[in-house]
2 protein chains.
Amino acid sequence: LRYSSEIAALESKAYMARYQVILAYDGTEFRGYQKQTGARTVQGVFEQSLRKLGWLDRSVLAAGRTDTGVHATGQVLAFNLEWRHSDGDLLRALNADLPADVAVRDLHHAAPDFHPRYDAVSRWYRYHLFCEPVRDPLRERFAWRVWPAVDLEVLNLSAMRLLGRHDFAAFGSPPRLGGSTTRTVSRAHWMEASGQTGVPLIIFEIAADAFLYHMVRRLVSLQVEIGQKVFDREAIRGYLDGEESMPVQGIAPAHGLVLSSVRYQD
Amino acid sequence: LRYSSEIAALESKAYMARYQVILAYDGTEFRGYQKQTGARTVQGVFEQSLRKLGWLDRSVLAAGRTDTGVHATGQVLAFNLEWRHSDGDLLRALNADLPADVAVRDLHHAAPDFHPRYDAVSRWYRYHLFCEPVRDPLRERFAWRVWPAVDLEVLNLSAMRLLGRHDFAAFGSPPRLGGSTTRTVSRAHWMEASGQTGVPLIIFEIAADAFLYHMVRRLVSLQVEIGQKVFDREAIRGYLDGEESMPVQGIAPAHGLVLSSVRYQD
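Reading the values: rules and limits
Residues numbered from 1 in each chain as written. Chains lettered and ligands numbered in written order. Predicted model: local features only at pLDDT ≥ 70, side-chain atom pairs only at ≥ 80, totals over all residues. Heavy atoms only, no water. Helix = DSSP H or I, 4+ residues; strand = E, 2+ residues; numbered from the N terminus. Buried < 20%, exposed > 50% of the residue type's maximum accessible area, 1.4 Å probe, protein only. Contact = heavy atoms within 4.5 Å. Least-squares fit on C-alpha atoms with pLDDT ≥ 70 in both. Salt bridge = Lys/Arg side-chain N within 4 Å of Asp/Glu carboxyl O. Polar contact = N/O pair within 3.5 Å; in protein donor to acceptor, adjacent residues only side chain to side chain. Nonpolar A, V, L, I, M, F, W, Y, C, P; charged D, E, K, R; others polar. Pairing = 2+ DSSP bridges. Axes fitted to C-alpha atoms, helices over the stretch in contact; angles between N-to-C directions. Parallel < 35°, antiparallel > 145°, perpendicular 65-115°, else oblique. Left-handed = near helix turned anticlockwise from the far one by under 90°. Phe/Tyr/Trp six-rings, centres within 6.5 Å; stacked < 30°, edge-to-face > 60°. pLDDT = per-residue confidence, 0-100.

1. Regarding the overall build of chain A
Counting its secondary structure elements, chain A contains seven helices and 10 strands. Overall size of chain A, expressed as C-alpha extent along the three principal axes, is 80 × 40 × 35 Å. Per-residue burial over chain A gives 50% buried out of 266 residues. Counted over contacts in chain A with a minimum sequence separation of 6, partners at least 24 positions apart contribute 70%.

2. A word on the relation of the copies chain A and chain B
Each copy superposes on the other: chain A lies on chain B with an RMSD of 0.0 Å after a rotation of 180° and an axial shift of 0.0 Å. The two molecules are tied by a two-fold rotation axis, judged by turn and shift. A high fraction, 100%, of the interface residues of chain A reappear at the interface in chain B, so the copies pair face to face through one surface.

3. Side note on the interface of chain A and chain B
Facing the 37 residues of chain A at the interface are 37 residues of chain B. Inspection of the region where chain A meets chain B yields two salt bridges. Remark: the boundary between chain A and chain B carries 16 residue pairs in polar contact (both at pLDDT 80 or more). Taken together, the elements giving at least two residues each to the side of chain A that touches chain B come down to strand 1 (16–25), strand 3 (71–82), helix 3 (87–97), strand 4 (102–109), strand 5 (120–131), helix 4 (137–140), strand 8 (182–194) and strand 9 (200–208) of chain A. Residue contributions to the side of chain A that touches chain B peak at four residues, all from strand 4 of chain A. Of the residues belonging to the side of chain A that touches chain B, the class tally is 19 nonpolar, nine polar and nine charged.

4. Considerations on the pairing of strand 5 (residues 120–131) of chain B
Consecutive side chains along a regular strand alternate between the two faces of the sheet. All names here are of chain B. By the criterion of burial, strand 5 is predominantly enclosed, with 10 of the 12 residues buried. Alignment of strand 5 against strand 10 (residues 257–264), held across seven bridges, turns out to be antiparallel. Residue Arg123 lies in a different strand from strand 10, and its bridge partner there is Val262. Relative to strand 9 (residues 200–208), strand 5 is paired through seven bridges, and the arrangement is antiparallel. Within the sheet, the bridge partner assigned to Arg123 lies in strand 9 and is Ala208. Note that strand 5 and strand 6 (residues 144–146) share three bridges and pair parallel. When the bridges of strand 6 are listed, Cys131 appears paired with Val146.

5. A few points about the packing of helix 5 (residues 152–159) of chain A against helix 6 (residues 215–227) of chain A
Residue and element names in this part refer to chain A. One way to put it is that helix 5 packs onto helix 6 with a least axis distance of 8 Å and a crossing angle of 135°. Here helix 5 is positioned oblique relative to helix 6, judged by the angle of their axes. For the pair helix 5 and helix 6, the crossing hand works out as right-handed. Between helix 5, through Val154, Leu155, Ser158 and Ala159, and helix 6, the contact on the second element is made entirely by Gln223, Val224, Ile226 and Gly227. Considering only residue class, the contact of helix 5 with helix 6 consists of five nonpolar, three polar and no charged.

6. Structural notes on the packing of aromatic side chains
Residues and elements named next belong to chain B. Applying the stated rule across the entire model yields 18 aromatic pairs over all chains. Here Phe46 and Phe79 contribute two aromatic rings whose centre-to-centre distance is 5.9 Å and whose plane-to-plane angle is 50°, an arrangement assigned as tilted. Pair noted here: Phe46 is in helix 2 (residues 42–51) and Phe79 is in strand 3 (residues 71–82), with a separation of 33 residues, a long-range link. Between Phe114 and Tyr264 the ring centres are 5.1 Å apart and the planes differ by 70°, which places this aromatic pair in the edge-to-face class.

7. What about helix 2 (residues 42–51) of chain A?
Side chains three or four residues apart in an α-helix point the same way, a direct result of the helix having 3.6 residues per turn. All names here are of chain A. Burial analysis of helix 2 places seven of its 10 residues in the buried class, the great majority of the element. Listing the buried residues of helix 2 in full gives Val42, Gln43, Val45, Phe46, Glu47, Ser49 and Leu50. For helix 2, the secondary structure elements touched by its buried residues are strand 1, strand 3, helix 3 and strand 4.

8. Let's talk about the pairing of strand 3 of chain A
Residues and elements named next belong to chain A. Where burial is concerned, most of strand 3 is hidden: nine out of the 12 residues are buried. Both strand 1 and strand 3 contribute to a ladder of nine bridges, which runs antiparallel. Bridging across to strand 3, Tyr25 finds its partner in Ala72. Across two bridges, strand 2 (residues 61–62) lies against strand 3 in antiparallel orientation. Residue pairing across strands places Ala62 opposite Leu77, the latter belonging to strand 3. Examined bridge by bridge, strand 3 and strand 10 (residues 257–264) share two bridges and lie parallel to one another. Residue pairing in the sheet places Ala72 in a bridge with Leu259 of strand 10.

9. Here we look at the confidence of the model for chain A
Residues with a pLDDT of 70 or more make up 94% of chain A, whose mean pLDDT is 92. This prediction of the complex comes with two scores: 0.90 for pTM and 0.86 for ipTM.

10. Comments concerning unusual backbone geometry
Residue Pro148(A) follows Trp147(A) across a cis peptide bond; omega there is 5°. When you line up the elements, Pro148(A) lands in the loop between strand 6 (144–146) and helix 5. Non-glycine residue His214(A) carries a positive phi angle of around 70°. Relative to the helices and strands, His214(A) is located in the loop between strand 9 and helix 6. Notably, Lys229(B) is not glycine yet its phi reads approximately 65°, a positive angle.

11. Things to note about the side chain of Glu47(A)
Residue and element names in this part refer to chain A. The topology assignment puts Glu47 in helix 2. We classify Glu47 as buried; its relative accessible area is 3%. When sequence neighbours within four positions are dropped, the list of residues in contact with Glu47 reads Lys35, Trp55, Arg58, Ser59 and Val60.

So, in structure tokens, the structure goes:
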């Protein structure tokens, strides 16, 4: 008996592995990513499904905490699990249990010390908007309706100012009190796409090593006002590198924002 | 007193007019278009908002009744209303009261005898799908996930067979018992679009003088199986014009379907 339980313990160890998951969710019905007592959160819902497969830890690791209403197509999670079947079977088992507004898009083995937040090299966000004077229920679930219309050329000239290493203190607070507000932006681009129903959609794509709290939504808000010619296109420069001491006031709504991917070294 | 009440009656008559409304809705949370006691329906919600503006009739007229879960970007309604302000004011008053998943996209005066259903010359529908092995919460609200992937070229060769005047008895029942099942299809085309989140989406667009019950969803279901090469591309011909007596079994899910527009003579 003693001998066979030792073998069982060894076998179980052999099956224990760290997994990396790419998670997508429609943020509308969630109070953000991070677990909270008494609130429906992405982390809470995901951990509930994972527990049914024998997961016993306290919490899964995530690349970032998205706010209430923010969506994701490329959130990255990591957890340790003893699983005796294939990665594909684990993905299907999770998706069969998760509700319709969350899905595992990809899943594979990771290094035992992989950390989705600390190991991340860059984070990519997309902000969706459309310019119309009247409401549109089909587009507004995932996009901000803006009127008057924005000038895309002006927006792209203004977005170029964001590229490189800057102090973004006017656009948000750091995750830790007294932490640095300097970030390096590697992409900041406005583009047009045909939306879900074939109607135009404007997408702002931004990538950086990391973001301050509400930084993307403040950048979108200021740029939209520049695109609407409320402010001059040079206005953005005044807010960078501490030239202007006042923080940006406007915050674009959460429902237009999507965490689209998180990239790592390899 | 008598004189002034007569003037008031005349004035009120002068303001009474028929309005045509283009209505958009996300069908997810509705039990279809048509009013039903105890169920949340598009007609029920719209009439409730219209009553707050003094509308007293029994029901508004609609171009078509969409099923539970079916969306619209171009449903057409008509009603009579005494309204002393501009058309723009009426549109804004309605949109201010309607819930987030319904919106008036356009509104204008119509001829006093305009009927959105009887006067319609053609109806246009779009069916959205995407081909992937795993779930995608952001696309699946408005599109059907299909796997294995479909061949778009095969789909378009097969869709061409639908064009023109045919007996569609195998694809649905007529609105009235014993009514004709012959319809004239003026457009049937499959195309690729970039979806809301920049990921590909396949759209089937179909227009006809009128449709049988569940006709579009049966046509999509059969064509998807042809596109997946479960059936030969000539299979569609067997179901047209009474060659095959068995009706089509499959019905594509409601959440991929959008009533996109209804067209009239002028």
